Amino acid sequence: EEMVRDHMLKQEVELYNEDQFKKYLQEKYDVLSENYLENKTILKMVYALEWFDIKKSNKIDLIRYHPNIIHKDYEAIESIQSQHTLDTCVAMSLL
């Protein structure tokens, strides 16, 4: 079971294959053919091109949405982001 989890953590996070991204593509590019939305190679290529539109000053999103990020890194980033948000809320409530 631990080996399976370790293997999964080393796999890419396929954000490009999520329904939310496919819907975004349909709206932005008027995708007429569903075949394009089922082709992982095309989806990953377009996702990578979209990634280049992220402002270079927005470091966390550049990392979080990187086309080749793996689950282990993604989970670590999400954990850090959650902790940062919690810390900010606590700090604001103390003011």
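Definitions and cut-offs
Residues numbered from 1 in each chain as written. Predicted model: local features only at pLDDT ≥ 70, side-chain atom pairs only at ≥ 80, totals over all residues. Heavy atoms only, no water. Patch = residues over 30% accessible without salt bridge, like charges linked within 9 Å, V, L, I, M, F, W, Y side chains within 5 Å. Areas by Shrake-Rupley, 256 points an atom, 1.4 Å probe, with all protein chains shown as cover. Salt bridge = Lys/Arg side-chain N within 4 Å of Asp/Glu carboxyl O. Lys, Arg positive; Asp, Glu negative; His and termini not counted. Charge placed at Lys NZ, Arg CZ, Asp CG, Glu CD. Helix = DSSP H or I, 4+ residues; strand = E, 2+ residues; numbered from the N terminus. Buried < 20%, exposed > 50% of the residue type's maximum accessible area, 1.4 Å probe, protein only. Expected span 1.5 Å × (residues − 1). Arc of directions from axis to C-beta. Contact = heavy atoms within 4.5 Å. Polar contact = N/O pair within 3.5 Å; in protein donor to acceptor, adjacent residues only side chain to side chain.

A.B. asks: Help me out: how do you make sense of a negative patch on the surface in this one?
C.D. replies: A cluster of like negative charges, contributed by Glu18, Asp19, Glu34 and Glu38, occupies part of the molecular surface. Here Asp19 is to be found in helix α2 (residues 19–29). A relative accessible area of 63% means that Asp19 is categorised as exposed.

A.B. asks: Quick question: what am I supposed to make of helix α4 (residues 40–51) here?
C.D. replies: An α-helix turns once per 3.6 residues; consequently, residues spaced three or four apart project the same way. Helix length check: α4 (12 residues) gives 16 Å between terminal C-alpha atoms against 16 Å at 1.5 Å per residue, within 8%. Along α4, the positions that sit buried rather than exposed are Leu43, Val46, Tyr47, Glu50 and Trp51. Here the buried residues of α4 occupy an arc of 145° about the axis, which is enough to place them on one side. Summarising the geometry of α4, the exposed residues directed more than 90 degrees from the buried face are Thr41 and Leu49. Its buried side turned inward, α4 meets α2, α3 (34–38) and α5 (59–64). Capping the start of α4, Asn39 holds a side-chain oxygen 3.0 Å from the backbone nitrogen of Thr41, two or three residues further along.

A.B. asks: What should I look at first to understand a nonpolar patch on the surface in this one?
C.D. replies: Side chains of Leu86, Val90 and Leu94 sit close together on the surface and give an oily, nonpolar patch of about 310 Å² of accessible area. Its place among the elements puts Leu86 in helix α6 (residues 71–94). Residue class for Leu86 comes out partly exposed when judged on its relative accessible area of 48%.

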